[in-house]
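# Chains, contacts and geometry: an overview
Each chain, written out:
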Amino acid sequence: GRQSLFTIGGIESLSEAIDRNNKTLETKVIDFQEITVDDEISVLTGYDIGEPVYLIKRLRKIDGEVLISDTNYFLKSEIVGLTKEIAETSIYKYIENTLNMTITISKRRITAERATQEDKKNLHLGKYDFVLVNSGQVFNSKGIMFEFTQSRHHPKKVCFIETAMRNSI
């Protein structure tokens, strides 16, 4: 069937994409902790060493199948009061409706990477030995990067659609 679940051009949460595509989403939070950014996390995310962040790992089941494994790092000073319960529903709804924050820019990078042991366990990859990795830094209207997310997608059910505008000269 149609695989164009994700659009790259806009900033859309997974739950919004699911609604738009009339699919069902179940989210299972497998890790939720407050940590301090170290060297390794700083290199991965772009956060400063020493920043307190929420580290959240979630498995996303679409129409009954685990297709995405998400690892999110949210800046604690900006995303105040985040809980495991919120992470099980929609973090973006909380950010926009409760914290009244404006999300403005998202920088994304999509790569194909060899599957890790964790990917094989979480995503039931079967014959596949790679995943599609969508990494993104998300900024608010103050210009602060409040989120770094890495989504690891099962390759059999993923298609990213981008709409780009050419600037007139």
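Before reading further, recall that the structure is shown in the block above.
Residues numbered from 1 in each chain as written. Predicted model: local features only at pLDDT ≥ 70, side-chain atom pairs only at ≥ 80, totals over all residues. Heavy atoms only, no water.

Glancing now at the sheet that holds strand S5 (residues 103–114). Across the sheet, six strands lie side by side as S2-S3-S4-S7-S6-S5; this open sheet has antiparallel pairing. Every other strand in the sheet has two partners, leaving strand S2 (25–36) and S5 as the edge strands with one partner each. Strand-to-strand, the axes of this sheet are offset by a mean angle of 15 degrees, without reference to chain direction. In terms of strand pairing, strand S4 (residues 65–75) meets strand S7 (residues 145–153) through seven bridges, oriented antiparallel. Paired with aspartate 70 across the strands is serine 151, a residue of S7. (Pairing = 2+ DSSP bridges. Helix = DSSP H or I, 4+ residues; strand = E, 2+ residues; numbered from the N terminus. Axes fitted to C-alpha atoms, helices over the stretch in contact; angles between N-to-C directions.)

Below, the discussion takes up helix H4 (residues 91–98). Those residues of H4 lying buried are Ile91, Tyr92, Tyr94 and Ile95. Along H4, the residues classed as buried sweep out an arc of 165 degrees about the axis, all on the same side. In H4, those exposed residues whose orientation departs by more than 90 degrees from the buried face are Lys93, Asn97 and Thr98. Asparagine 100 sits one or two positions beyond H4 and adopts a positive phi of about 55 degrees. (Buried < 20%, exposed > 50% of the residue type's maximum accessible area, 1.4 Å probe, protein only. Arc of directions from axis to C-beta.)

The next subject is unusual backbone geometry. One non-glycine residue, asparagine 100, lies in the positive phi region at around 55 degrees. Considering the arrangement of structural elements, one finds asparagine 100 in the loop between H4 and S5. Overall, the relative accessible area of 60% leaves asparagine 100 in the exposed class. Phi angles above zero are rare outside glycine, and histidine 124 is one such case at about 45 degrees. Note that histidine 124 resides in the loop between helix H5 (117–123) and strand S6 (130–140).

Turning next to the side chain of arginine 152. Along the polypeptide, arginine 152 turns up in strand S7. According to the relative accessible area criterion, arginine 152 is buried, its value standing at 10%. At 3.3 Å, the side chain of arginine 152 forms a polar contact with the side chain of glutamine 150. Those residues in contact with arginine 152 that lie beyond four places of it in its chain are Leu67, Ile68, Ser69, Glu113, Arg114, Thr116, Asp119, Leu123, Val131, Leu132 and Val133. (Polar contact = N/O pair within 3.5 Å; in protein donor to acceptor, adjacent residues only side chain to side chain. Contact = heavy atoms within 4.5 Å.)

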